[in-house]
Structure formats: C-alpha cells, structure tokens
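# Residue-level structural notes
Here is how the chains run, residue by residue.
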Amino acid sequence: MNAIISPMILRTVFVKLHDEWSSDRGRSSIITHSEKALQAIDGAIDVVVGSPADGHSTAAWDLCIQLQFDTIESANEYTKHPAHRSYIDEFLKPKMVVMKAWNFTV
C-alpha cells in the first residue's frame with residue numbers, strides 16, 4: 001500500500017557576506033550560530049545551513065540556508081517570529097551584502 005505524502009515547503013535562502021566574513025572561519029562562525037538560532041524557533045521541521053562546495057558557488061554565495069515547513073502559512077509565520085526577526089536584523093544583516101530567498105513545494 002502506498003502512503004500518501006503531503007507536499008512540504010522548502011525555503012531556500014542564499015547569502016553573500018561582507019568580505020570580512022567571507023572566509024572559511026567567518027562562514028563557519030555564522031553557520032554554527034545560525035543553526036542554533038534557527039533550530040530554536042518553533043515552526044521549521046528541519047534547518048540546514050551550509051557553505052559553498054566549489055569555486056563557482058563561492059563566487060556567487062557564502063551561505064545556503066534551507067528550512068522545511070508543513071505549509072506555506074507556517075513558513076510565513078516563521079519569518080515573522082520575533083526570534084527570527086532578531087536573528088536576521090541584529091545578527092545576519094550587519095554581516096551580509098545581499099540575501100535572496102525562495103519557497104518551493106516539494
């Protein structure tokens with residue numbers, strides 16, 4: 001018997017950091033903090049934060065953050081959560097040049 005699997009939402013965020021953070025050490029520091037901060041916020045089923053795996057990716061982005069949600073509504077609520085806003089506004093924004101985010105049904 002085949003189980004019915006409900007679609008989920010995958011939010012993918014790419015971040016380009018300021019030069020002073022765009023190093024292995026800088027990225028590692030941000031990844032460690034980001035994983036802890038984002039996983040502590042209720043709503044996401046899974047949180048993965050990673051760094052570029054090759055030169056082409058490194059030239060474009062410094063971080064990839066992926067979050068998985070049950071629904072688009074839960075993803076939208078998560079991004080409005082005060083702890084998420086604090087993470088973005090107080091921790092990440094001062095370190096970044098640009099951030100792009102997209103939601104996909106998977």
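Shown above is the structure to which this text applies.
Residues numbered from 1 in each chain as written. Predicted model: local features only at pLDDT ≥ 70, side-chain atom pairs only at ≥ 80, totals over all residues. Heavy atoms only, no water.

### A look at the sheet that holds strand S1 (residues 9–17)
Rule in force here: Following DSSP output, two strands are said to pair if at least two bridges run between them. The way it works is that DSSP assigns letters per residue, a run of H or I at least four long becomes a helix, a run of E at least two long becomes a strand, and they are numbered from the N terminus. Helix axes are fitted to C-alpha atoms over the stretch in contact, other axes to C-alpha atoms as well, and angles between N-to-C directions run from 0 to 180 degrees. Contacts were defined at the residue level, with two residues in contact if any of their heavy atoms lie within 4.5 Å.
If you walk across this open sheet you meet the four strands as S2-S3-S1-S4, and the pairing is antiparallel. Two strands close off the open sheet at either side, each with one partner strand: strand S2 (46–50) and strand S4 (96–105). Between one strand and the next, the sheet's axes are offset by a mean angle of 15°, whatever the strand orientation. As defined by bridge partners, S1 adjoins S4 across nine bridges and the pair is classed as antiparallel. Residue pairing for S4: Leu 17 is matched across the bridge by Met 96. Each of S1, S2 and strand S3 (63–69) touches helix H1 (residues 24–39); the most contacted strand, S2, lies at about 170° to it. Across the sheet, helix H3 (residues 72–80) lies against S1, S2, S3 and S4, angled at about 130° from S3, the strand it touches most.

### Overview of the side chain of Arg 27
As a reminder of what qualifies: For the purposes of these results, a polar contact is taken to be a pair of N or O atoms within 3.5 Å, where, inside protein, one atom must be able to donate a hydrogen and its partner to accept one; residues adjacent in sequence count only when each atom of the pair is a side-chain atom.
Tracing the chain through its elements places Arg 27 in helix H1. Within the local environment of Arg 27, its side chain forms a polar contact with the side chain of Asp 62, the two groups lying 2.8 Å apart. Aside from chain neighbours lying at most four places away, what touches Arg 27 is Leu 17, Trp 21, Ser 22, Ser 51, Pro 52, Asp 62 and Leu 63.

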